[in-house]
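So you can see what is in the structure, the chains are spelled out below.
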Amino acid sequence: MSKVLLLDIVGLTPRALAAMPRLTALARAGGHLGLDTILPAVTCSVQSTMLTGTMPREHGIVGNGWHFRGLGDPLLWRQHNKLVAGEKVWETARRSRPELTTANLGWWFAMGATTDITVTPRPIYHADGRKSPDAYVRPAALHDQLVGALGEFPLFQYWGPTATIQSSAWLAEATRGVITERWGPAPDLAMAYLPHLDYDLQRFGPNSPEAERAARELDDAIAPLLTDALDRGYSVVAVSEYGIEQASRPVDVNRALRREGLLEVYVQDGREQLDPWTSRAFAVADHQIAHVYVPDAADLPRVTALLRGLEGVDEVLDRDAQARYGLDHERSGELVVVAEPGAWFTYYFWLDDERAPEYARGVDIHRKPGYDPAELFFDPADRLAKAKAGANLVKKKLGLRYAMSTVPLDPSCVRGTHGRLSSTRCDGPMLVTSDAGLLPDAESLPAAGVRDLVLRGLGV
């Protein structure tokens, strides 16, 4: 029966592919084309569109996070698959092939999914406040098999200032073990998430020597996986969610709302916290888009005018305008702002760094009410930042509590961003496959078309 290996190579573009000889060889033997991504061009939204064949208005994933109105909290990077509405590609395939099996190694919203094998990063949160690297693995017996063969999942190399090739290499090797039947029967559809290009392209920009080096590193890491997949009859399909463009202008949308008296804070232990319950407007910033929540419709004209006058804002989308992009869902903000090329939105809401919340200086993706690319850096203003991080790792190994307060509050270090629709093919997302017969007769494929391409690869 037909089998597919679906690789999400985050940030893969023609520019990056030029530094990846093994993947280039696969593209020449099979084929490649541009991928027309969606707004917002961010991980959770694009993955959900690829796997369901629908837009955010249908599947509901309007960003990497949003304001959960029923809870009163903005939350990012949730993991439960039930948040994604609609039938996923493997569920569709099973209607024709009931015996079809699927493995998901790293794609988002994995917990509770109907895949046969699931591996997704999931730290251990100890009772004393410590956090240890680990993953959620199903079936449960596979967890110890993976750790025994590959070591614990390298969580601190998956995101943050110490993010490296190790996390993507771990996921690639785990996928390789799954498709070569090291731990059981090989799945018909194997999906792997490989985020390595995300790191240095955001740190240094897509045109940097570091970006080219990262592409070579990832190509080396996936070469054995590609060889094994082709030897075992898999059609390889590699996709990217977005292209990363040069970043030059951070835009403090929440600070602008606060200065106008629209965003409120409360104080704990001398530090300011966002108050989403009483704010008349606040933004959940997510790279180059931000959902702006305005509970009282009477405030919409004022907030709209403020946002349109903010330097670095390209578009301000009300519900009618959101519909043009398939983004008109109840989870979306009453307004969605899109950054100009090169600009991106910070989540910062405090006006004095001395009053910033404690999590602002740490890698804390679940508590921050917005995305923070500065988490990829050690604070350049703190000459001891790396030494402090090393001391904290010693504390971790000794089982002691520690706080990793090394993230800068100056966002000017960020050199790459994404989220708006790509303006060029060279730095836009793409699709590469070993099977030319899967490709349409076109220069590009909509992100929603990935679902049907995978179904064809599975013989459905």
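Basis of the calculations
- Each chain has its residues counted from 1, following the order in which its sequence is written.
- Two thresholds apply to this predicted model, a pLDDT of at least 70 for residue-level local features and 80 or more for giving and counting side-chain atom pairs, whereas whole-chain, interface and lining totals are computed over all residues.
- In computing side-chain properties, one takes all heavy atoms of the structure into account and sets aside hydrogens as well as water.
- For helices the rule is a DSSP run of H or I covering at least 4 residues; for strands it is a run of E covering at least 2, with both sets numbered from the N terminus onward.
- Here the radius of gyration uses the C-alpha set of atoms, whereas the globule reference equals 2.2 Å times the residue count to the power 0.38.
- Three exposure classes are used, based on accessible area relative to the maximum for each residue type with a 1.4 Å probe and protein chains only: buried under 20%, partly exposed in between, and exposed over 50%.
- For this analysis, residues touch if any pair of their heavy atoms sits within 4.5 Å.
- Methods summary: accessible areas were calculated by the Shrake-Rupley approach with a probe of 1.4 Å, and residue burial reflects only the protein chains presented.
- Charge counting follows a simple rule: Lys and Arg are positive, Asp and Glu are negative, and His as well as the terminal groups are ignored.
- Note on charges: their place is set at NZ of Lys, CZ of Arg, CG of Asp or CD of Glu.
- Strand pairing is assigned whenever DSSP identifies at least 2 bridges connecting the two strands.
- The axes are straight lines fitted to the C-alpha atoms, using for helices just the contacting stretch, and the angles between their N-to-C directions are given from 0 to 180°.
- What we call a nonpolar core is a set of buried Ala, Val, Leu, Ile, Met, Phe, Trp, Tyr and Cys residues that are connected through their side-chain atoms within 4.5 Å.

J.: Give a description of the overall build of the protein chain that names residues and reports values.
T.: Summing up its helical and strand segments, the protein chain has 14 helices and 23 strands in all. A compact globule built from 460 residues should have a C-alpha radius of gyration of about 23 Å, and the protein chain, at 22 Å, falls within 12% of that. Its C-alpha atoms give the protein chain principal-axis dimensions of about 60 × 55 × 40 Å. Burial status across the protein chain gives 59% buried among its 460 residues. Across the protein chain, the fraction of contacts at a sequence separation of at least 24, relative to all contacts at a separation of at least 6, is 71%. Split by element, the accessible area of the protein chain, about 17900 Å² in all, is 50% carbon and sulfur. Between the averaged position of the 49 positive side-chain charges in the protein chain and that of its 59 negative side-chain charges there is a distance of 3 Å.

J.: How would you summarise the pairing of strand E22 (residues 430-433) if you had to cite specific residues and measurements?
T.: Where burial is concerned, the two faces of E22 agree: the one with Met430 and Val432 and the one with Leu431 and Thr433 are both buried. Bridge analysis of strand E2 (residues 31-36) against E22 gives 4 bridges, and the strand direction is antiparallel. Each residue of the ladder has a partner; that of leucine 33, found in E22, is leucine 431. Note: strand E11 (residues 234-239) against E22, 3 bridges, orientation antiparallel. Looking at the pairing, valine 237 lines up with threonine 433 of E22.

J.: Tell me about helix H14 (residues 450-457), and name the residues and values.
T.: Of all 8 residues in H14, 6 are buried; the element is thus mostly enclosed. Glycine 459 sits one or two positions beyond H14 and adopts a positive phi of about 75 degrees.

J.: Go over the sheet that holds strand E17 (residues 289-293) with me, naming the residues and quoting the values.
T.: Read from one edge to the other, the open sheet built from 4 strands follows the order E16-E17-E19-E18, with strand pairing classed as antiparallel. A single partner strand is all that each edge strand has here, and the edge strands are strand E16 (282-286) and strand E18 (313-317). Ignoring which end each strand starts from, the neighbouring axes of this sheet average 20 degrees apart. In this structure, E16 lies alongside E17, joined through 5 bridges in antiparallel fashion.

J.: For the nonpolar core, give the residues involved together with the corresponding values.
T.: Nonpolar side chains tend to gather and get buried jointly when the protein is soluble and globular. Counting residues in each nonpolar core, the largest one holds 146 residues, and the members touching the most others are Leu6, Leu7 and Ile9. Among the elements that make up this core, the one with the highest residue count is helix H9 (residues 209-231) (8 residues). The residues contacting leucine 6, other than those within four sequence positions of it, are Leu51, Trp107, Leu189, Ala190, Met191, Ala192, Val237, Val239 and Val454.

J.: How would you sum up the sheet that holds strand E6 (residues 117-121)? Please name residues and give values.
T.: If you trace the 9 strands from one edge of the open sheet to the other, you get E9-E6-E5-E10-E1-E11-E22-E2-E23, paired in mixed fashion. Looking at the sheet topology across the chains shown, the edges are occupied by strand E9 (135-138) and strand E23 (444-446). Along the sheet, successive strands turn relative to each other by an average axial angle of 15 degrees, direction set aside. Sitting on the sheet, H9 is in contact with strand E1 (3-9), strand E10 (189-194) and E11, with an inclination near 170 degrees to E1. H14 rests against E1, E2, E10, E11, E22 and E23 of the sheet, and its axis sits at about 150 degrees to E1.

The quantities given are spatial measurements derived from coordinates; they are silent on function.
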